[in-house]
Amino acid sequence: MTSRPATTTLWRPTGPKELELVRESEFRAWPPRLPEQPIFYPVLDEDYAITIARDWNVKHDGAGFVTRFQVESGFLTRYPVQQAGGRTILELWVPAEELDDFNAHIVGTIEVVHEFH
């Protein structure tokens, strides 16, 4: 019997275009970064993700979504937590060229947990 690896919950605020690409992967992977996006930024705090989706994505894209997903905790140790502001503004900085490997360590599916318009 194989046990499930320990996981860490991450959130990702996203706009409608990125969400459509996630949907095309059957909610199993994040799409490749664009050339001007060298880093993929999942966040460690749901409230921070909500703030970005509601206050930034809606303003720029007309809608904002917060997704929640699980990643193998052991794999995430390669990405030090980055404090991008206040004590709850915590992110992981995943280089774009490592996104396929990151996606391979997602456990389960990516869920949409909040939607703003």
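Coordinates for the structure precede this section.
An account of the accompanying structure is given in this report.

**Side note on the sheet that holds strand E3 (residues 64-72)**
Next up, step 1: The strand order across the open sheet built from 3 strands is E1-E3-E7, with neighbouring strands paired in antiparallel fashion. The outermost strands of the open sheet, each flanked by one partner alone, are strand E1 (7-14) and strand E7 (106-116). The sheet shows a mean angle of 20 degrees between the axes of neighbouring strands, taken without regard to direction.
Next up, step 2: Across the face of the sheet, helix H1 (residues 16-24) comes into contact with E1, E3 and E7 while running at roughly 135 degrees to E1.

**Observations concerning the layout of surface pockets**
Next up, step 1: The volume enclosed by the largest pocket comes to roughly 570 Å³.
Next up, step 2: What lines the largest pocket is a set of 22 residues, and nearest its centre among them are Arg12, Glu18, Arg33, Gln37 and Trp56.
Next up, step 3: When residues of the lining of the largest pocket are traced back to their parent elements, those giving at least two are E1, H1 and helix H2 (46-61).
Next up, step 4: Top contributing element to the lining of the largest pocket by residue count: H2, with 5 residues.
Next up, step 5: Residues belonging to the lining of the largest pocket are distributed by class as follows: 13 nonpolar, 3 polar and 6 charged.

Rules of the game
Residues numbered from 1 in each chain as written. Predicted model: local features only at pLDDT ≥ 70, side-chain atom pairs only at ≥ 80, totals over all residues. Heavy atoms only, no water. Pairing = 2+ DSSP bridges. Helix = DSSP H or I, 4+ residues; strand = E, 2+ residues; numbered from the N terminus. Axes fitted to C-alpha atoms, helices over the stretch in contact; angles between N-to-C directions. Contact = heavy atoms within 4.5 Å. 1 Å grid on protein atoms, 1.4 Å probe; cavity = no way out; pocket = protein on both sides within 12 Å on 5 of 7 lines; lining within 4 Å. Points joined across faces, edges and corners; volume = space filled by probe spheres on them. Nonpolar A, V, L, I, M, F, W, Y, C, P; charged D, E, K, R; others polar.

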